Structures are given as C-alpha cells and as structure tokens.
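Each chain, letter by letter, is given below.
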Amino acid sequence: MCAVQGLLACLCACLLCCWPQDVQSADAAIILDPGHSKTQYGTMSCSGGQEYAYNNALVEAIGHVFQEKQIRFRTTRGPEQEMDLRERTRGTQGQRLFVSIHHDSAQEIYITYPKGFPCSDHAAGYAIFVSQKNPYYEESLRFARLFGANLRAWGLRPSRHHAEKIPGEHRQALDAELGIYRFDDLVVLKSAQCPAILFEAAVIINPKDDALARSEPYKVIIALSLRNAVQRFAKAGRLRP
Ligand SMILES: [Zn+2]
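Nothing here was measured: the structure is a model prediction, and the numbers come from that model.

How each quantity is defined
- Residues numbered from 1 in each chain as written.
- Predicted model: local features only at pLDDT ≥ 70, side-chain atom pairs only at ≥ 80, totals over all residues.
- Heavy atoms only, no water.
- Phe/Tyr/Trp six-rings, centres within 6.5 Å; stacked < 30°, edge-to-face > 60°.
- Helix = DSSP H or I, 4+ residues; strand = E, 2+ residues; numbered from the N terminus.
- Buried < 20%, exposed > 50% of the residue type's maximum accessible area, 1.4 Å probe, protein only.
- Lys NZ or Arg CZ within 6 Å of the ring centre and 35° of its normal.
- Axes fitted to C-alpha atoms, helices over the stretch in contact; angles between N-to-C directions.
- Parallel < 35°, antiparallel > 145°, perpendicular 65-115°, else oblique.
- Left-handed = near helix turned anticlockwise from the far one by under 90°.
- Contact = heavy atoms within 4.5 Å.
- Nonpolar A, V, L, I, M, F, W, Y, C, P; charged D, E, K, R; others polar.

A. Here's a closer look at the packing of aromatic side chains. Scanning the model with the defined rule gives seven aromatic pairs in all. Seen from their ring centres, Tyr 126 and Phe 199 are 6.1 Å apart, and the 40° between their planes marks the pair as tilted. With a gap of 73 residues between them, Tyr 126 in the loop between strand E3 (97-104) and strand E4 (127-130) and Phe 199 in strand E7 (residues 196-203) connect regions that are remote in the sequence. The exposure class of Phe 199 is buried, given its relative accessible area of 0%. Both rings, one in Phe 143 and one in Phe 233, keep their centres 5.2 Å apart while their planes meet at 70°; by these two values the pair is edge-to-face. Within this pair, whereas Phe 143 is found in helix H4 (residues 137-153), its partner Phe 233 is found in helix H7 (residues 216-235), the two being separated by 90 residues in sequence. Of the residues examined, Phe 233 reaches a relative accessible area of 1% and is grouped as buried. Feature note: the residues Tyr 126, Phe 143, Phe 147, Phe 199 and Phe 233 constitute an aromatic cluster, connected by ring pairs. In this arrangement the basic side chain of Arg 171 is found over the ring face of Phe 183, its NZ or CZ atom lying 3.5 Å from the centre.

Quick look at the structure:
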C-alpha cells in the first residue's frame, strides 16, 4: 500500500499545471479528446464546476503520464479552444486510437438543486462507451476491455445507470462488470476513422464522485490505467510501436 501511495504522490507531484503541448506529436498514434469547450461546457457538477474543465484536467494528467513512457499523442483541441464534434475526429484516418474524455451526469428525474447546482446520489462510477457504427468496432471494444480491466484492478467501480430501462438511458451493457456500454450514435465515436472509445470518468453531479474527480490520485489512477491499456494494446499488435 505504501509503495502505491508513494507512486501516486510522486506522480501527482509530476503533474504540472500546464497543457502538455510539449509532448504532442503531429504523427501521434493516439488522439486524446477533451470533451466540450468553454462555451459548450457539458454538464455542471454538484459543486458548480463545468465539465469541460474536469475534462481538461484529466487530459492534462493523462498527457503527463503518457510522456513518462514516450507514448506519442495529440489532443483534439487546446484548453480554451472551441471545436465542434465533427472537427474533433478530422485526421483520425490511419491513427490507432481515439479516446474522448468526459464526466457524467444522470437523468433529470433524479436531480435536485440544493445550492443551485445539479446534485444526485443516484449514480456513481465510470462508464466506457463504444459504437457499432465505428468502422473499427471490434478493435474499439477490445481496447475498452483492456482499459476497463485496468480500472477495475485499481478498485474503480463502473456506474450501472446507463443500462436502466428509462428514456435517455437503456444502453446495452456489452460488459457490465467492466462498465462498457454500446452507444452507436455518439458523433465522435461513429465519425472516428480509427478505434474509438468515449470515457465518462465519474458522475460529477454526485457529491462523492465530484470530490473524487477533483482529486489528483483519482486522475493519476485513470491515467495509469489508460497508459497500461495502451501498452497492452500495442503489445498485442493493435498499435504501431
Ligand atoms: Zn460530456
């Protein structure tokens, strides 16, 4: 446990407060997509934060953890850059992996606004989406399984709420244990011309998940899980060396 805490403390200290521009590569095999933008900020958290800022912070952490192993990547947008959905997947042809980073909410029926911000303890945990309309669906699912298995190994739990049989949800669970769901019409997934997943890191309208999502160790665990999955995907011949 001490070794794990030491590793996390070291990695947290290494997470600089800057966008990882310096480690981006034009011929990157992996594309990290911080979901939403400043004007289209996504969901609001129970503490009043905007989703796009959570997405930025997590991509930043992933970038620094990738850099340690010289994993080439680029981001779809800069931290304050506006970008529509189609633009995000431009240039994905010939790339090896597209990972869209998000933070989750729940259906309106479960939400209250105690301090003016949306709050609910109905759902908690992460979720991974893949689309059967992506031309590399099988590869996408293969990568999702590797990533999910790494998250589970760190003790993270998937949210079940996307499988609920209610309007707005009712997603097919492709692997409930690993938190993988099918969502065919997510624009970035179906328009990416390479294997693609969309990751919801935590349900930020849930106060406990919101606190987790803001913590550095949580971001580092996700970054390490993603890095390990990428390395195993590469080892299996799914990524260019
Ligand atoms: Zn989102």
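B. Just the packing of H4 against H7, in detail. With their axes 8 Å apart at the nearest point, H4 and H7 run at an angle of 135° to one another. The angle between H4 and H7 falls in the class oblique. Relative to H7, the crossing made by H4 is right-handed. For the pair formed by H4 and H7, the contact residues are Glu 139, Arg 142, Phe 143, Leu 146, Phe 147, Asn 150 and Leu 151 on the first element and Ile 222, Ser 225, Leu 226, Asn 228, Ala 229, Val 230, Arg 232 and Phe 233 on the second. When its residues are assigned to classes, the contact of H4 with H7 shows nine nonpolar, three polar and three charged.

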